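Okay, here's what each chain looks like letter by letter:
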Amino acid sequence: MQQALTLSERLIAVLGARLGLRFFRRRNMLETLDAPAHGHEAPPGLVDAARDTGPDLLARLRTTRDGLSDDEAATVRAHVGANEVEHEKPLPWWRHLFNCYRNPFNLLLSALAAVSYATDDTEGTIIIASMVIISTVLRYVQEARSNKAAEKLKAMVSTTATVLRRDVLGNGGAEADSVRRLGRVGREIPLAELVPGDIVLLAAGDMIPADVRILAAKDLFVSQSALTGEALPVEKFAHACESGGSHPLAYDNLAFMGTNVVSGSATAVVVATGARTFFGSLAQRVTAQQPTVTSFQQGVNRVSWVLIRFMLVMTPIVLLINGFTKHDWLEASLFALSVAVGLTPEMLPMIVTATLAKGAVVLSRKKVIVKRLDAIQNFGAMDVLCTDKTGTLTQDKICLERHTDVWGHASEDVLEYAYLNSFYQTGLKNLLDVAVLDHAELHQRLDVVNRYRKIDEIPFDFQRRRMSVVVSEDGTHHELICKGAVEEVMAVCDRVQHGANVEPLTPDVLARLRRVTADLNAEGLRVVAVATRHLPPVRDHYGIADESELILVGYIAFLDPPKESTAPALKALAASGVDVKVLTGDNDLVTAKVCREVGLKVEGCVLGDDIETMSDAELAQTVERANVFAKLTPAHKERIVRMLRANGHVVGFMGDGINDAPALRAADIGISVDTAVDIAKEAADLILLEKSLMVLEQGVIEGRRTFANMLKYIKMTASSNFGNVFSVLIASAFLPFLPMLPLQLLTQNLLYDLSQTTIPFDNVDEEQLTRPQRWNPADLSRFMVFFGPISSIFDVLTFLAMWHLFGANSAEHQTLFQSGWFVEGLLSQTLIVHLIRTRRLPFVQSRAAWPLLLMTGAVMLIGLMLPMSPFADTFKMQALPLAYFPMLAAILLAYAVLTQMMKGMFARRFGWQ
């Protein structure tokens, strides 16, 4: 058991990231355990609750089978607190501020500042410290805003539990938030409001909202994989357990916070909430861990370390060259230190955080709630979208179109059987059940209350794809009524109802029946088969084995018309480079018809049974050529998603059912809707407030815009730093003095960093939004080598002009030389922000957003004025001659023209991202 517990603790971090229980601090990182599981104590009371009888446990919790009243629940909540794990409290501001400071770039700059201080370079120390402070404060402000926005957005996605409250029972369930479930009237309340003693109603798709003891259960299977690592669901029972040891997981009448109901139904009493739950006791042992690293993060880290290694190699070279040529090792050390600072991309963490936060807020306006900020990167990179049919391609407004006998003729008897099945089933009612129950006139006509009594039910599962209820009619006999997928129901039938006669289900009859259902499917109708079996009234419990020797009585056929917005949305996604693949459990004929109606060309339809027989290699080829997959199980959907990812695609999966949860977790980006079942919402990275492909397409575009702005900074930083090093090496080797003083170089770098702080708010060209934005480190390396040396060419031209034209060719005139290169270097670096941000002609065909225009303009103006300002002496500068400025304009113009030409060459050869 100790080994299983260790695994559960290791998995708890992943579970916490998925749960809406939000016990993790909002810091764009997951949390996990770093302490061993030895000596772990079970939450008090769980084992005792498992061993108690139902009445004894209810008495100990001071509750009844009808639940608590609102006043009683409020009293208990005041004593035990909300149903939230204690670790939810946000970080104190000072710890958050420290975390924003603690990144490799700031730590490196701090070390360089310490060296600068030790060498009595006060001005350099102040400037380096300013860089660290600006980077840290900006990141802190952006993350604080991001966290507040994220909490507001998450509040829009509600996770609730269904409880019995005596207040609701007393007024007949008339309240707005009351619901009928499992044959009883309950109330939907937020998870945080649950207290010990609450009676909760559980059905397929529900998250277990707290630690509960099962009081009544029917074929209840719960997935505990997040706690135990076991892939298969565990069946839970309502009986008291006398033995089981000291560990709660050994008891099959307990269910735990964070697990989920796979199938069946149950009534349970809450035993422990919040930190007192088994989940909460594990969560108290968690500490921070880095999140799973995405491809974009890997690329950013790779570039960062390339620049850091580049700095570690080039800094000693600059030091040695200047030391041996200038014979002033202290000045050479300070200059090398300044070069090291200039090569450090200290603004990268702030730029990434600000861009992601802005993207999340913009997406929220487009009805897309971002649960995990890093998912925005994958959103922009997504090139394959796997989606269900119902509610996505169609209107999600299913209506019962026909109810027929086995030969396709209208039949009221079939409708009555279907109504009884849907009315008495206590599992997760889908839209088909809702459509059947809309025929409320049958309730009185059948006299359901007086004539029928429910005996038992056999819940739905995704292996059988059918469910049954057993009712007693007037107490004379038991009637098993089964409805489900046509093939699966036919498989347990041996006879068919034809009028008043019952005939054997021969192969010939079966072939005729399949033609009838195929004709209905071809009309776009979803067909559900209905079968019955008369049983003697001798027992009260039934199981799957009783679904045999049934009589097929007919079909109910449903219509879910396509959405008007689906066809234009599919065209927009295709134009954006996203291939749409339909993954559905529905019939292939219905799916194909819907696809045709919405303009999605069926390029291959593969059934779940075919996938079962395929090897991974065969399936890897099949998922590339086919775009419609029908009659799938949850395992099939997950396998298809994994194969697409293995083929190199960035895969999004959109689903809202319990059967979609495995595929949502397997995808690069899981997408669900606010109306989805709990487990689907918890497994998703993004929540759509409107189930529409058009909303999704808008989100994809915004994800690409976010990605593009992050990539701009990395491109600018990498290419600019690469070019600056060449300029410094050339100047250091040939000049008898430093090409720029350490203080000047640090000031230039600070101003350049400020000019880039508004990149997250920049515009993005339309052509950059038409294709998936994939991280390509090789492309970035090419970009850096291609554009970096261009600036060095014009730096050298500036050196020559200052040396020969303006006479700055001796140590006595070095201030003039340094002032001239300071201005040219700063303006060319700032200009490159506008040149590289677009493939088009800057300022004419593509204009930056006004915040970026204002910031870069302000920085360039400061750079021009600084040598002529009262601060010139402080920075060891002097006013530049008037003849310098026409030369500067010519150099900048030539630089822009050459860069524009090189952009065309680069784009034609390598493309432009």
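This text goes with the structure placed above it.
First things first, this report covers the structure right here in the doc. Note that the structure is a prediction, hence the values are computed from the model and not measured.

## Notes on the side chain of Gln744
Tracing the sequence through the fold places Gln744 in helix 29 (residues 742-755). What makes Gln744 buried here is its relative accessible area of 0%. Separated by 3.0 Å, the side chain of Gln744 and the backbone oxygen of Phe875 make a polar contact. Those residues in contact with Gln744, other than ones at most four positions away along the chain, are Gln818, Phe822, Phe875, Lys876 and Met877.

## Observations regarding the environment of Arg165
With respect to the element layout, Arg165 can be found in the loop between strand 2 (160-164) and helix 8 (166-170). Spatially, the C-alpha atoms of Arg165 and Asp70 are 6.8 Å apart, while their sequence positions differ by 95 residues. Setting aside anything within four residues of it in sequence, one finds Arg165 in contact with Asp66, Leu68, Ser69, Asp70, Ala73, Arg77, Arg187, Ile189, Glu193 and Asp198. Within the structure, Arg165 has its side chain in polar contact with the side chain of Asp70 (distance 3.1 Å). At 3.0 Å, the side chain of Arg165 and the side chain of Asp198 are in polar contact.

## A look at the sheet that holds strand 24 (residues 651-654)
Across the sheet, which stays open at both edges, the eight strands sit in the order 11-26-25-24-12-21-23-22 with mixed pairing between neighbours. The sheet is open, and its two borders are formed by strand 11 (368-370) and strand 22 (605-607), each paired with just one other strand. The average angle at which neighbouring strand axes cross in this sheet is 20°, direction not considered. Taken together, the three bridges between strand 22 and strand 23 (residues 628-630) define a ladder with parallel strand orientation.

## So, the packing of helix 29 against helix 32 (residues 850-865)
Remark: helix 29 packs on helix 32, axes separated minimally by 8 Å, with the N-to-C direction vectors making an angle of 160°. Considering the angle they form, helix 29 stands roughly antiparallel to helix 32. Of the two elements, helix 29 crosses helix 32, and the hand of that crossing is right-handed. Of the residues in helix 32, those touching helix 29 at Leu751, Leu754 and Ser755 are Leu852, Met855, Thr856, Val859 and Ile862.

## Remarks on a nonpolar patch on the surface
On the surface, Leu841, Phe843, Val844 and Leu853 cluster together into a nonpolar patch covering about 340 Å² of accessible area. Within the secondary structure, Val844 is located in the loop between helix 31 (814-836) and helix 32.

## A short note on helix 25 (residues 634-646)
Counted at 1.5 Å a residue, the expected span for helix 25 with its 13 residues is 18 Å, and the 19 Å between its end C-alpha atoms agrees. Here helix 25 has its buried residues at Pro634, His636, Lys637, Ile640, Val641, Met643 and Leu644. Once helix 25 finishes, Gly648 follows within two positions and takes phi at roughly 100°, a positive value.

## Thoughts on unusual backbone geometry
Phi angles above zero are rare outside glycine, and Arg465 is one such case at about 60°. The class for Arg465 is buried, based on a relative accessible area of 16%. In this structure, Glu549 takes a positive phi of about 55° despite not being glycine. You can see Glu549 is positioned in the loop between strand 19 (526-535) and strand 20 (550-559).

Cut-off values and rules
- Residues numbered from 1 in each chain as written.
- Predicted model: local features only at pLDDT ≥ 70, side-chain atom pairs only at ≥ 80, totals over all residues.
- Heavy atoms only, no water.
- Helix = DSSP H or I, 4+ residues; strand = E, 2+ residues; numbered from the N terminus.
- Buried < 20%, exposed > 50% of the residue type's maximum accessible area, 1.4 Å probe, protein only.
- Polar contact = N/O pair within 3.5 Å; in protein donor to acceptor, adjacent residues only side chain to side chain.
- Contact = heavy atoms within 4.5 Å.
- Pairing = 2+ DSSP bridges.
- Axes fitted to C-alpha atoms, helices over the stretch in contact; angles between N-to-C directions.
- Parallel < 35°, antiparallel > 145°, perpendicular 65-115°, else oblique.
- Left-handed = near helix turned anticlockwise from the far one by under 90°.
- Patch = residues over 30% accessible without salt bridge, like charges linked within 9 Å, V, L, I, M, F, W, Y side chains within 5 Å.
- Areas by Shrake-Rupley, 256 points an atom, 1.4 Å probe, with all protein chains shown as cover.
- Salt bridge = Lys/Arg side-chain N within 4 Å of Asp/Glu carboxyl O.
- Expected span 1.5 Å × (residues − 1).

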